[in-house]
Amino acid sequence: MQTCVRCGRELPAFSVGEVSPLCRDCRANANLIASASEAPRPVRNRQPFLVTQIIVGVNLLVFIAMVLSGVSPMEPTIQQLVTWGANFAPRSLGSQPWRILASNYVHIGVIHIFFNMWCLWNLGRLAERIFDRWTYLLVYTASGIGGSVASLWWHPRGIGAGASGAIFGLAGALIAVLYLGKLPIAREALKPTLKSLLSFAAYNLFFGLVPGIDNSAHLGGLATGLGLGAVLAKSFSEPPENRSRWRNYAMVGTVLLLLAGYNYVKLKAEH
C-alpha cells in the first residue's frame, strides 16, 4: 500500500488523474504555503527628487551658458558676473530688482558651483522626503532672496552670487521642522539628522569667515529658512488641506517681509 511521503497516511489504491505522493490534507497545506509565497510584495514608494534635479540642472545650464559665452570657468570678472545677473546694489536696488533672485543661479567659477550643488543635492534628498514640492520651492526661493537682501544690506558695494543663501535656508527649515514639528518618526531617530544639519550650518558659517565669502547671505538665508520652518512645523501633523493653507499663509507673510526688508535696504542706501 502506497503511503504519503510527508505524513505516512495510506493513499487510495485507485485515483483518477495525476498521481501525487501526498495525501489530500498535505496537498492542501502545500498549496496554501505556495499561494502565500507568491503573494505580491509591497513596493516601496520612492519619491523622485525632481525639484532638486531641476534646480541643480538650471544652475548647471546657466554656468555652461556663461562659459560658452566666454566667461572664465575659474575666475570670472566682476563685469562678467554683473552681466549675467549677479547681485550688485546700484542695479539691484535700482531698476533691476530681479537680480536678488537671478543671482542665486550665477556662480563664481567651477569650484563654487561644485560645492554648492554637492550641498544642495544632499540636503535636497532629505528635504523632498519631508516637504512637498511647493513647500520646498517656497523655502528655497524665499531663502535665496532673503540671503540676497542681507548681502545688499551688509555689503552695499559688493558683488553677490551663488546658491548658498538658498541652501542655508533649506538647512534652516529642515532644522526647525525636525525639532519643532510632530513628525511620525521617533525623536531618537531624528537626533543624528539634526546633529548633521547643525554641524553643516555651523561649519559652513565658520568657513564663511574667510575673506571673499559672503557670510551675510548665508546668515540671511539661514534666518529665512528657520523662520519659515518654525511657522510651518506644527502644520505637519495636520491633514493635507490644512498644510496647504498654512503654506499659502506663510508664502504671503514671507513676500510681505521680504518686500519690507528690500525697501528698508533701498532707503538706507539712498541716505
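This text follows the structure it describes.
Quick caveat: nothing in here was measured; it's all calculated off a predicted structure.

Rules and cut-offs
Counting from 1, residues in each chain are numbered in the order their sequence is written. pLDDT decides what is reported in this predicted model: residues at 70 or higher carry local features, side-chain atom pairs at 80 or more are listed and counted, and totals for whole chains, interfaces and linings draw on all residues regardless. No hydrogens and no water enter the side-chain calculation; it runs on all heavy atoms of the structure. The helix and strand labels rest on DSSP assignments: H or I over at least four residues marks a helix, E over at least two residues marks a strand, and numbering proceeds from the N terminus. Think of it in three bands: residues with accessible area under 20% of the maximum for their type are buried, residues over 50% are exposed, and the middle band is partly exposed, with areas taken using a 1.4 Å probe on protein chains only. Any two residues whose heavy atoms approach within 4.5 Å are treated as being in contact. We define a salt bridge as a side-chain nitrogen of Lys or Arg found within 4 Å of a carboxyl oxygen belonging to Asp or Glu. Here an axis means a line fitted to C-alpha atoms, over the contact stretch when the element is a helix, while the angle between two N-to-C directions is reported on a 0 to 180 degree scale. Each angle gets one of four labels, with under 35 degrees taken as roughly parallel, over 145 as roughly antiparallel, 65 to 115 as roughly perpendicular, and the rest as oblique. Should the near helix be turned anticlockwise from the far one by less than a right angle, the crossing is left-handed, and should it be turned clockwise, the crossing is right-handed. Throughout this entry, Asp, Glu, Lys and Arg are counted as charged residues, while Ala, Val, Leu, Ile, Met, Phe, Trp, Tyr, Cys and Pro are counted as nonpolar. The remaining residues, Gly among them, count as polar. The set of buried Ala, Val, Leu, Ile, Met, Phe, Trp, Tyr and Cys residues whose side-chain atoms join them within 4.5 Å is what this entry labels a nonpolar core. Polar contact is the term for a pair of N or O atoms within 3.5 Å; when the atoms are in protein, one must be able to donate a hydrogen and the other to accept it, and sequence-neighboring residues count only if both atoms are side-chain atoms. By this rule, a helix spans an expected 1.5 Å times one less than how many residues it contains. For this analysis, a ring pair means two rings from Phe, Tyr or Trp (six-membered ring only for Trp) whose centres lie within 6.5 Å, classed as stacked if their planes differ by under 30 degrees, edge-to-face if by over 60, and tilted for the remaining angles.

### Observations regarding the overall build of the protein
When its secondary structure is counted, the protein shows 11 helices and two strands. In sequence order, the protein lays out its α and β elements as α-α-α-β-α-α-α-α-β-α-α-α-α. Relative to its full complement of 271 residues, the protein shows a buried share of 41%. Sequence separation of 24 or more characterises 68% of the internal contacts of the protein that already satisfy a separation of 6 or more.

### Concerning the pattern of salt bridges
Scanning all chains against the criterion turns up one salt bridge. Measuring nitrogen to oxygen at the nearest pair gives 3.2 Å for the salt bridge that ties aspartate 132 to arginine 247. Taken as a pair, aspartate 132 in the loop between α6 (110-130) and α7 (133-154) and arginine 247 in helix α11 (residues 240-270) lie far apart in primary sequence, 115 residues in all. On the accessibility criterion, aspartate 132 (31% relative accessible area) is partly exposed.

### Considering the packing of helix α10 (residues 215-233) against α11
One can describe the packing of α10 onto α11 by two numbers: an axis separation of 10 Å at closest approach and a directional angle of 150°. Taken together, the axes of α10 and α11 are roughly antiparallel relative to one another. For the crossing formed where α10 meets α11, the hand is right-handed. Judged by residue contacts, Leu228, Val231 and Leu232 of α10 engage Trp246, Arg247, Ala250 and Thr254 from α11. When the residues that make up the contact of α10 with α11 are grouped by side-chain class, the tally is five nonpolar, one polar and one charged.

### Observations regarding the nonpolar core
By size, the foremost hydrophobic cluster in this structure holds 45 residues, and its most contacted members are Leu120, Leu123, Phe131, Tyr136 and Tyr140. Put simply, the parts of the chain that give this core at least two residues each are α2 (50-68), α6, α7, α8 (164-180), α9 (187-207), α10 and α11. Ignoring any residue separated from it by four or fewer positions in sequence, one finds tyrosine 136 in contact with Val51, Thr52, Ile55, Leu120, Gly124, Ala127, Glu128, Phe131 and Leu170. Listed in part, the six residues of the second largest apolar core include Val71, Leu81, Val106 and Ala161.

### Describing the side chain of threonine 224
Following the sequence through the fold, threonine 224 ends up in helix α10. On the accessibility criterion, threonine 224 (17% relative accessible area) is buried. Among the polar contacts made by the side chain of threonine 224, one reaches the main-chain carbonyl oxygen of glycine 220 at a distance of 2.8 Å. Not counting residues within four places of it along the chain, the set of residues in contact with threonine 224 comprises Ala142, Ser143 and Gly146.

### With respect to the side chain of asparagine 215
Structurally, the position occupied by asparagine 215 is in helix α10. What makes asparagine 215 buried here is its relative accessible area of 13%. For asparagine 215, the side chain forms a polar contact with the side chain of histidine 218, separated by 3.0 Å.

### Re α7
Along its 22 residues, α7 runs 31 Å from first to last C-alpha, staying within 8% of the 32 Å computed at 1.5 Å per residue. Counting buried positions over the 22 residues of α7 gives 16, a clear majority of the element. At the N-terminal boundary of α7, the capping side chain belongs to aspartate 132, with an oxygen 3.0 Å from the backbone nitrogen of tryptophan 134.

### Observations regarding the packing of aromatic side chains
Applying the stated rule across the entire model yields three aromatic pairs. Between phenylalanine 131 and phenylalanine 236 the ring centres are 6.0 Å apart and the planes differ by 55°, which places this aromatic pair in the tilted class. Placement of the pair is phenylalanine 131 in the loop between α6 and α7 and phenylalanine 236 in the loop between α10 and α11, with a sequence separation of 105 residues. Grouping residues by exposure puts phenylalanine 131 and phenylalanine 236 together as buried. Between tryptophan 153 and tryptophan 154, the ring centres sit 5.5 Å apart and the planes meet at 50°, which makes this aromatic pair tilted. Taking the relative accessible area as the measure of exposure, tryptophan 153 reaches 39% and is therefore partly exposed. Look at tryptophan 154 and you get exposed, because its relative accessible area is 54%.

### Describing the packing of α6 against α8
The contact between α6 and α8 brings their axes to 10 Å, and the two run at 30°. Considering the angle they form, α6 stands roughly parallel to α8. Read as a crossing pair, α6 and α8 show a hand that is left-handed. Seen from α6, the contacting residues are Asn116, Cys119, Leu120, Leu123, Gly124, Leu126, Ala127 and Ile130; seen from α8, they are Ser164, Ile167, Leu170, Ala171, Leu174, Val177 and Leu178. For the contact of α6 with α8, the class distribution of residues is 12 nonpolar, three polar and no charged.

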